[in-house]
Amino acid sequence: MITPRLDQLPPETGHWLEVDLSTQRLWCWKGRERVVDYPISSGVAGIGQRDGSGQTPLGWHYVRAAIGAGQPPGAVFRGRRPTGEVFDATLAAECPQRDWILTRILWLCGLEPGYNRGGHVDSQRRYIYLHGTPPDQPMGTPASHGCLRMRDAALLAVFDFAPPGTPVWLHD
């Protein structure tokens, strides 16, 4: 994996992701061509960089790790590891307050020192992910604890499109 350089973003060629928090949409790009877009759900606490805020950070990031290849849709993750469970209504009823991380995880790392990398603003240390969410959770409106939630089918497509090293731009 090659870490993207800020002075080369957005890339002229290759894949990258754009997340517009004002419209709650994620776009997949191939160079300067917008390929497809999906609804997302960002942090209900709004936009912000600070650790512990529950907010979704801004700026240039990249996919640091892609977790969950080969797991079934709805696979439950805790601590970035599959639990062996698959989300269903019974599991939801047993754990009604749980912040479900399902299907796949694309773990983001900030590229901008002092803004989303390092210290109390480090997106990777804040565990900012793109991840799956239960089907009853809203899309297109902020509802997460700071991560970017997606529907399983959309997340699976993005997981295949954006391997580790893929640039990700979060903006409002």
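Further up the page is the structure itself.
Residues numbered from 1 in each chain as written. Predicted model: local features only at pLDDT ≥ 70, side-chain atom pairs only at ≥ 80, totals over all residues. Heavy atoms only, no water.

A. Spatial organisation of the pattern of salt bridges. All told, the structure shown has 5 salt bridges when counted by the stated rule. Asp99 is paired through a salt bridge with Arg149; the nearest N and O atoms lie 2.9 Å apart. Placement of the pair is Asp99 in the loop between α1 (89-94) and β7 (102-110) and Arg149 in strand β9 (residues 148-150), with a sequence separation of 50 residues. (Salt bridge = Lys/Arg side-chain N within 4 Å of Asp/Glu carboxyl O. Helix = DSSP H or I, 4+ residues; strand = E, 2+ residues; numbered from the N terminus.)

B. Representation of the nonpolar core within the structure. Leu17, Leu26, Leu130, Met150 and Val158 are the most contacted members of the largest nonpolar core, which totals 23 residues. Where this core is concerned, the elements lending two or more residues are β1 (15-20), β2 (25-30), β7, β9, α2 (152-161) and β10 (167-171). Tallying contributions element by element places α2 first for this core, with 5 residues. When sequence neighbours within four positions are dropped, the list of residues in contact with Met150 reads Leu26, Tyr38, Pro39, Ile40, Leu130, His131, Gly132, Thr133, Met139, Leu155 and Val158. Counting 9 residues, the second-largest nonpolar core is a separate cluster that includes Ala65, Ile67, Ala75 and Phe77. (Core = buried A, V, L, I, M, F, W, Y, C linked by side-chain atoms within 4.5 Å. Buried < 20%, exposed > 50% of the residue type's maximum accessible area, 1.4 Å probe, protein only. Contact = heavy atoms within 4.5 Å.)

C. Just the environment of Val63, in detail. Mapping Val63 onto the fold places it in strand β4 (residues 59-67). With relative accessibility at 0%, the residue Val63 sits in the buried group. Between the alpha carbons of Val63 and Asp37 there is a distance of 18 Å; along the sequence they are 26 residues apart. Excluding residues within four positions of it along the chain, Val63 makes contact with Met1, Leu106, Trp107, Leu108, Ala162, Pro163, Pro164, Gly165, Thr166 and Val168.

D. Main features of the layout of surface pockets. Within this model, the largest pocket holds a volume of roughly 220 Å³. Lining the largest pocket are 16 residues, and of these Pro96, Arg98, Trp100, Pro134 and Gln137 lie nearest its centre. A class-by-class count of the residues in the lining of the largest pocket yields 8 nonpolar, 4 polar and 4 charged. Residues of the lining of the second largest pocket, tallied by class, amount to 5 nonpolar, 7 polar and 4 charged. (1 Å grid on protein atoms, 1.4 Å probe; cavity = no way out; pocket = protein on both sides within 12 Å on 5 of 7 lines; lining within 4 Å. Points joined across faces, edges and corners; volume = space filled by probe spheres on them. Nonpolar A, V, L, I, M, F, W, Y, C, P; charged D, E, K, R; others polar.)

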